[in-house]
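# Examination of the molecular architecture
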Amino acid sequence: MAHEHEHVRVAVIGSGFGGLGAAVRLRREGITDFIVLERADSVGGTWRDNSYPGCACDVPSHLYSFSFAPNPEWPRTFSGQRHIRAYLEHVADVFRLRPHIRFDSEVKKMTWNTELLRWDIETTAGNLSADVVVSATGPLSDPKIPDIPGLESFPGKVFHSARWDHDYDLAGKRVAMVGTGASAIQIVPSIQPEVSRLTVFQRTPPWVMPRVDRAISGAERSLHRALPVTTRLRRGLLWGIRELQVQAFTKHPGELGFVEQLAKRNMARAIKDPALRAKLTPDYRIGCKRILLSSTYYPALAQDNVDVVAGGLSEIRGSTVVAADGTEAEVDAIIFGTGFHVTDMPIAERVVGADGRTLAETWKDGMAALRGASAAGFPNWMTIIGPNTGLGNSSMILMIESQLNYMADYLRQLDVLGGRVALDARPSAVNAWNRKVQERMKRTVWNTGGCTSWYLDANGRNTTVWPGTTTEFRRATRQVDLAEYAVLRPPAAKVSPVDEAAEVTA
Ligand SMILES: Cc1cc2nc3c(=O)[nH]c(=O)nc-3n(C[C@H](O)[C@H](O)[C@H](O)COP(=O)(O)OP(=O)(O)OC[C@H]3O[C@@H](n4cnc5c(N)ncnc54)[C@H](O)[C@@H]3O)c2cc1C
């Protein structure tokens, strides 16, 4: 039976903060002809997939949430995964997004159709086309497990922090935790009391600051409910503090020495053994890698059933895990807290642009987009949390909302131009933007702090972090500058004088 071809104005990919935010914004712009394609069977993205013990945000909840959907009910200053996931489910309901969402629809490939000026999209649930694609597949959504010799023949249990196996009982088990990043430092104190032995493989020690987490009292919540302005004030204060702090990261890394002293004191309070303290003391400037927040990580490491191995996992022999420094331990389970495919954005393999090349090929020497959103040769395609939009110290939701402003203006501009039309970022504009970003990056702590982090790509280039304030990014993404784009019309269409002025390329 022949099916009618489905075409929508906008196809959003992903239903995390980025995709749901895009859906809300589209509706607010009066656009209802859109769908949200999601490979999983529920919304939430990061907060659906990461359900490991202790999983919580490390930016206060009142800032780590949408400005247009304040939540007076946040239970803690740093709420847990369960509550953040519930919040996103609530957003999907309140803003009536469900009719737009297609679950179990993984985007396998999208190809720019140069004749019809549209994206032809193949999903696991069928094909469709769209005028515009908004890709919100997440910066940290595809787990990365290192290629460790012997892993395939390990007889015990293996899983990644973002794919926690809740059916596996860790009680009484000998466990290897590989990695000491943001997820691992939440997992370690949560599982340490129940496992018989915990061996933590640490390639590079993180800087860890105390986590000032507390329950938000009933009185505070009542106040936020009764006077919504207080929620906004709270958010504004949290934002302002981080906005001021960021200057130290981007311009004056030398000033961060004082923060290192605070972090060292946090360690010294719990770690009394000088040898262990030495192992845990970083040798790079604080902030170079993401600063982690925990008041329970060091106390957990100090327990008798925990060993910290100052070296990465290099080999597995049967059920024995072997570190780079030769240390061995026999374990029942290996948990990888080894992060995600960040600088090699997986969706890029699946996007085929105007010249038939994939975005991954275009980005083979490093990701680069115009204002973190669009790439030359990929018309009417934009990404939410694209290259150089990450933050080292504040809420990603601020950046997502800036990109949604850009998306809204992009669609408005297409409307103004009228007819079948597409915008293609000019290579000169993409280059100019990235030159500026990389120039500013030179003096940031991420580039000068003396560490190797997941912010850097294989060539050592920082293609993930935004080297400025969120206000600067908000300003840079308020409007689409048409001079930065070529306006495309279908090859056969007659060219109008307006378009000619804007340089027509088809
Ligand atoms: C454990 C953890 C804690 C974090 N804590 C913080 C924090 O405290 N503060 C902060 O600012 N940031 C934090 N982050 C970063 C976080 O990723 C972002 O803040 C934000 O949640 C990203 O939202 P997103 O919608 O862009 O991506 P995601 O939430 O990752 O959503 C992407 C969605 O796209 C879907 N998808 C991917 N590929 C396809 C495809 N091919 N087809 C269809 N669907 C697809 C995925 O299934 C997923 O649902 C954290 C990340 C992790 C992993």
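The preceding data block contains the structure.
Read on for a plain summary of the structure. (Residues numbered from 1 in each chain as written. Predicted model: local features only at pLDDT ≥ 70, side-chain atom pairs only at ≥ 80, totals over all residues. Heavy atoms only, no water.)

## Observations concerning the overall build of the chain
The test is simple: Numbering of helices and strands runs from the N terminus; a helix is a DSSP stretch of H or I covering at least four residues, while a strand is a stretch of E covering at least two. For the radius of gyration, the atom set is restricted to C-alpha positions; the globular benchmark scales as 2.2 Å times the number of residues to the power 0.38. Burial classification: accessible surface area is computed with a 1.4 Å probe over protein chains only, and a residue below 20% of its type maximum counts as buried, one above 50% as exposed, and the rest as partly exposed. Working definition of accessibility: Shrake-Rupley area with a 1.4 Å probe, residue cover restricted to the visible protein chains. When charges are counted, Lys and Arg contribute as positive and Asp and Glu as negative, whereas His and the chain ends are disregarded. Charge positions are represented by NZ for Lys, CZ for Arg, CG for Asp and CD for Glu.
A count of helical and extended segments in the chain gives 15 helices and 20 strands. For the chain, the C-alpha radius of gyration of 24 Å lies close to 23 Å, the compact-globule estimate for 506 residues. Its C-alpha atoms put the chain at 75 × 55 × 45 Å along the principal axes. Sorting the 506 residues of the chain into buried and exposed places 56% on the buried side. With an accessible surface of roughly 21,400 Å², the chain has 52% of that area assigned to carbon and sulfur atoms. On the chain, the mean spot of the 59 positive side-chain charges and the mean spot of the 55 negative ones are 7 Å from each other.

## A closer look at the state of the cysteines
Condition: Whenever a pair of cysteine sulfur atoms sits within 2.5 Å, that pair is classed as a disulfide.
Going through the model one piece at a time under the given rule, you end up with 1 disulfide. Two residues share a disulfide in this structure: Cys 288 and Cys 451, whose sulfurs sit 2.0 Å from each other. With the S-S bond torsion at -90°, the cross-link from Cys 288 to Cys 451 turns out left-handed. Note that Cys 288 is positioned in the loop between helix H8 (274–280) and strand S11 (292–293) and Cys 451 in the loop between helix H13 (445–448) and helix H14 (470–476), a separation of 163 residues in sequence. Cys 451 shares its class with Cys 288; the two are buried. Just so you know, Cys 55 is unpaired, no disulfide at all, and the nearest cysteine sulfur is the one on Cys 57, 8.8 Å from it. On the accessibility criterion, Cys 55 (8% relative accessible area) is buried.

## Quick word on the site of the ligand
Keep this limit in mind: Near residues are defined by distance, with any heavy atom within 4 Å of the molecule or strand qualifying the residue. Any N or O atom pair separated by 3.5 Å or less is treated as a polar contact, with the protein-specific requirement of one donor-capable and one acceptor-capable atom, and with residues adjacent in sequence counted only for side-chain atom pairs.
For the ligand, the set of nearby residues contains 35 residues, the closest of which are Gly 18, Glu 38, Thr 46, Asp 58 and Tyr 64. Measuring from an oxygen atom of the ligand, one finds a backbone N or O atom of Phe 17 at 3.1 Å. Between an oxygen atom of the ligand and a main-chain N or O atom of Thr 46, the distance comes to 2.7 Å. Protein burial of the ligand: of its 980 Å² of free accessible surface, 96% is covered by the chains.

## Topic: the environment of Glu 106
Inclusion rule: For this analysis, residues touch if any pair of their heavy atoms sits within 4.5 Å.
Within the secondary structure, Glu 106 sits in the loop between strand S3 (101–102) and strand S4 (107–113). On the basis of relative accessibility, which here comes to 22%, the residue Glu 106 falls in the partly exposed class. If we ignore the near neighbours within four places in the chain, the residues touching Glu 106 are Glu 38, Arg 39, Glu 122, Thr 123, Thr 124 and Arg 350.

## Examining the nonpolar core
Spelled out, the test is: Among buried residues, the Ala, Val, Leu, Ile, Met, Phe, Trp, Tyr and Cys ones that are joined through side-chain atoms within 4.5 Å form a nonpolar core. An automatic or database domain assignment is the source of the domain bounds shown.
Counting 113 residues, the largest nonpolar core has Phe 17, Val 134, Ile 191, Leu 198, Tyr 298 and Leu 301 as its most contacted members. Considering each element in turn, this core owes the most residues, 12 residues, to helix H11 (residues 396–417). When we break this core down by domain, the ones giving at least three residues each are domain 1 (6–141 + 341–488) and domain 2 (151–213 + 235–336). In contact with Phe 17, other than residues within four places in its own chain, are Trp 47, Tyr 64, Ser 65, Phe 66, Ile 84, Tyr 87, Leu 88, Ile 397 and Ile 400. Counting 28 residues, the second-largest nonpolar core is a separate cluster that includes Val 107, Leu 117, Ala 130 and Ile 347.

## Focus on the layout of surface pockets
As a reminder of what qualifies: Only protein atoms enter the 1 Å grid, on which a cavity is a set of points fitting a 1.4 Å probe that cannot get out and a pocket is an open set with protein on both sides within 12 Å along at least 5 of 7 lines, lining residues being those with an atom within 4 Å of a point. Grid points are joined across faces, edges and corners, and a volume is the space filled by probe spheres set on the points. Residue polarity follows a fixed list, in which Ala, Val, Leu, Ile, Met, Phe, Trp, Tyr, Cys and Pro are nonpolar, Asp, Glu, Lys and Arg are charged, and the others, Gly among them, are polar.
As a volume, the second largest pocket reaches approximately 790 Å³. Together, 30 residues line the second largest pocket, and Ile 241, Arg 242, Gln 245, Leu 293 and Asn 393 are the ones closest to its centre. Elements with a minimum of two residues in the lining of the second largest pocket: helix H6 (228–250) and helix H7 (257–270). Top element by residues in the lining of the second largest pocket is H6. It accounts for 8 residues. Residues belonging to the lining of the second largest pocket are distributed by class as follows: 18 nonpolar, 6 polar and 6 charged.

By themselves these figures say nothing about function.
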